[in-house]
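Below, each chain spelled out in residue letters.
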Amino acid sequence: MSKHISVGVSACLLGEQVRYDGGHKHDHYITDTLGRFFRFVPVCPEVGCGLPIPREAMRLEGDPAVPRLVTNRTKIDLTERMREYCQGTVRDLEKEDLCGFIFKKDSPSSGLFRVKVYTGGMPSKTGRGLFAEAFVRHFPLLPVEEEGRLYDMNIRENFIERVFAFRDWKDFLLGTRGMAELVDFHTRRKLQLMAHSPEIYREMGRLVAEGKSLARGELLDRYQELLLRALSLHATIKKNTNVLSHIMGYFKRQLTPEEKVELLEILNSYHGGLVPLIVPLTLLKHYVRKYDQEYLRNQTYLSPHPMELMLRNHV
């Protein structure tokens, strides 16, 4: 995998003093933890489009589907100015080789979900910041999240897993990209994809099987779309349990009776929500090493992201 994984981020989350009041919203999890693995590309749309620091606060108004960006007090409409900036910036960001983006929640320019839109009465939380909207429209498959939602452990794990998987895919595209290499890539991700979407995994399998009959560019584009769509669906306890049981089947002739009993007890505890996923995975990885299961050793499901990120530790 490439040494640096580029991820876009709202600049204020890195501690840059770019907010309307001259302050910031430094998120230490992003800089101190994710920053050990990601190269951040900071973006502040409001400063980027030429607004000063400090500046008058602004908000979204009008139709939630196509809101206007308006200053709170003086009612200056900045919509077209922001849209022009967004159109140029998303094109510039193509050069950054991004694998994801973390947006500032509630921002009229960068909020991704449930941004307030004022329509005359009480605001409705149905909008999306103008830059965030332009970004996801330009990069429809790129993993994106808001910093506030990353404190939900399931959302955090899913986002980070997608970022690392996308980097792995980008590295694949930099290589030979032959059918043998695609089959190997797909084989290594079998269990990971099954934990997210068995249905899309089967669709991907059919695509790879008929790959020689397709133009290489079409094949890779379709595979990338399915890969990112599958991983955007959250792995659940039920789907993880099915994958864990599938892994256990590789050891049915090697485990001692005592080992089988212990493993089944741990799988049942995980299925019942009593222990986190890391518990059965740790034991299974021990058996992978003990019984030298090369196929399983190469499965990304067992280690989709660095251990230092302390994911899969929640019940």
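Scoring rules and cut-offs
Residues numbered from 1 in each chain as written. Predicted model: local features only at pLDDT ≥ 70, side-chain atom pairs only at ≥ 80, totals over all residues. Heavy atoms only, no water. Helix = DSSP H or I, 4+ residues; strand = E, 2+ residues; numbered from the N terminus. Buried < 20%, exposed > 50% of the residue type's maximum accessible area, 1.4 Å probe, protein only. Contact = heavy atoms within 4.5 Å. Areas by Shrake-Rupley, 256 points an atom, 1.4 Å probe, with all protein chains shown as cover. Pairing = 2+ DSSP bridges. Axes fitted to C-alpha atoms, helices over the stretch in contact; angles between N-to-C directions. 1 Å grid on protein atoms, 1.4 Å probe; cavity = no way out; pocket = protein on both sides within 12 Å on 5 of 7 lines; lining within 4 Å. Points joined across faces, edges and corners; volume = space filled by probe spheres on them. Nonpolar A, V, L, I, M, F, W, Y, C, P; charged D, E, K, R; others polar. Salt bridge = Lys/Arg side-chain N within 4 Å of Asp/Glu carboxyl O. Phe/Tyr/Trp six-rings, centres within 6.5 Å; stacked < 30°, edge-to-face > 60°. Lys NZ or Arg CZ within 6 Å of the ring centre and 35° of its normal. Expected span 1.5 Å × (residues − 1).

Description of the overall build of the protein
Next up, step 1: A tally of helices and strands in the protein yields 13 helices and eight strands.
Next up, step 2: Out of the 315 residues in the protein, the part that is buried amounts to 50%.
Next up, step 3: Pairs at least 24 apart in sequence give 66% of the contacts found in the protein among residues at least 6 apart.
Next up, step 4: Carbon and sulfur atoms provide 51% of the accessible area of the protein, an area that totals close to 15,400 Å².

What about the sheet that holds strand β8 (residues 144-146)?
Next up, step 1: Strand order in the open sheet formed by four strands is β2-β1-β5-β8, and the pairing between neighbours is parallel. Across the chains shown, the open sheet's two edge strands, defined by having one partner strand only, are β2 (38-43) and β8. The sheet shows a mean angle of 25° between the axes of neighbouring strands, taken without regard to direction.
Next up, step 2: Of the pairings in the sheet, the one linking strand β1 (residues 5-10) to β2 comprises six bridges and is parallel in character. The residue of β2 that forms the bridge with Ile 5 is Phe 38.
Next up, step 3: Across the face of the sheet, helix α5 (residues 153-174) comes into contact with β1, β2, β5 (98-103) and β8 while running at roughly 155° to β5.

Quick word on the sheet that holds strand β3 (residues 58-61)
Next up, step 1: On the basis of which strands lie adjacent, the open sheet formed by four strands has the order β4-β3-β6-β7 and mixed pairing. Edge strands, defined here as strands with exactly one partner in the open sheet, are β4 (68-71) and β7 (124-127). The sheet shows a mean angle of 60° between the axes of neighbouring strands, taken without regard to direction.

Let's talk about the layout of surface pockets
Next up, step 1: Its volume calculated, the largest pocket comes out at about 600 Å³.
Next up, step 2: Lining the largest pocket are 30 residues; nearest its centre among them are Arg 19, Met 58, Asp 106, Ser 107 and Pro 108.
Next up, step 3: Among the secondary structure elements, those contributing two or more residues to the lining of the largest pocket are α2 (45-48), β3 and β6 (115-118).
Next up, step 4: Of the residues assigned to the lining of the largest pocket, the class counts are 13 nonpolar, five polar and twelve charged.

With respect to the pattern of salt bridges
Next up, step 1: Counting across every chain of the model gives 21 salt bridges.
Next up, step 2: Ionic pairing is found between Glu 80 and Arg 83, a salt bridge with its closest N-O pair at 3.4 Å. One end of the pair is Glu 80 and the other is Arg 83, both in helix α3 (residues 79-92) and three residues apart, which spans about a single turn.
Next up, step 3: Looking at Glu 80, the relative accessible area reads 47%, which means it is partly exposed.
Next up, step 4: We classify Arg 83 as partly exposed; its relative accessible area is 29%.
Next up, step 5: Salt-bridge contacts for Glu 147 lead to Lys 104; the nearest nitrogen and oxygen are separated by 3.1 Å. One end of the pair, Glu 147, is in the loop between β8 and α5; the other, Lys 104, is in the loop between β5 and β6, and 43 residues separate them in sequence.
Next up, step 6: Overlapping salt bridges, with partners in common, bring together Arg 68, Asp 77, Glu 80 and Arg 83 in one network.

Some details on the packing of aromatic side chains
Next up, step 1: Applying the stated criterion to the full structure yields 20 aromatic pairs.
Next up, step 2: Both rings, one in Phe 103 and one in Phe 135, keep their centres 5.6 Å apart while their planes meet at 75°; by these two values the pair is edge-to-face. Here the residue Phe 103 occupies a position in strand β5, and Phe 135 occupies one in helix α4 (residues 130-138), the gap between them amounting to 32 residues. Of the two residues, Phe 103 and Phe 135, neither departs from the other in class, the shared state being buried.
Next up, step 3: Seen from their ring centres, Phe 135 and Phe 139 are 4.7 Å apart, and the 40° between their planes marks the pair as tilted.
Next up, step 4: Judged by its relative accessible area of 17%, Phe 139 falls in the buried class.
Next up, step 5: Here the aromatic residues Tyr 85, Phe 101, Phe 103, Phe 131, Phe 135 and Phe 139 are joined through ring pairs into a cluster of three or more.
Next up, step 6: The ring of Tyr 151 has Arg 156 lying over it, and the distance from NZ or CZ to the ring centre is 5.5 Å.
Next up, step 7: The residue whose ring lies beneath Arg 312 is Tyr 301, and the NZ or CZ to ring-centre distance is 4.9 Å.

Quick look at helix α10 (residues 237-248)
Next up, step 1: Its twelve residues place the ends of α10 16 Å apart at the C-alpha level, agreeing with the 16 Å of an ideal helix rising 1.5 Å per residue.
Next up, step 2: All of the buried residues in α10 are Lys 239, Asn 240, Thr 241, Val 243, Leu 244, Ile 247 and Met 248.
Next up, step 3: Buried residues belonging to α10 abut α7 (190-196), α8 (198-209), α11 (257-271), α12 (278-290) and α13 (294-297).

From the geometry alone we can't say anything about function, so treat these as descriptive.
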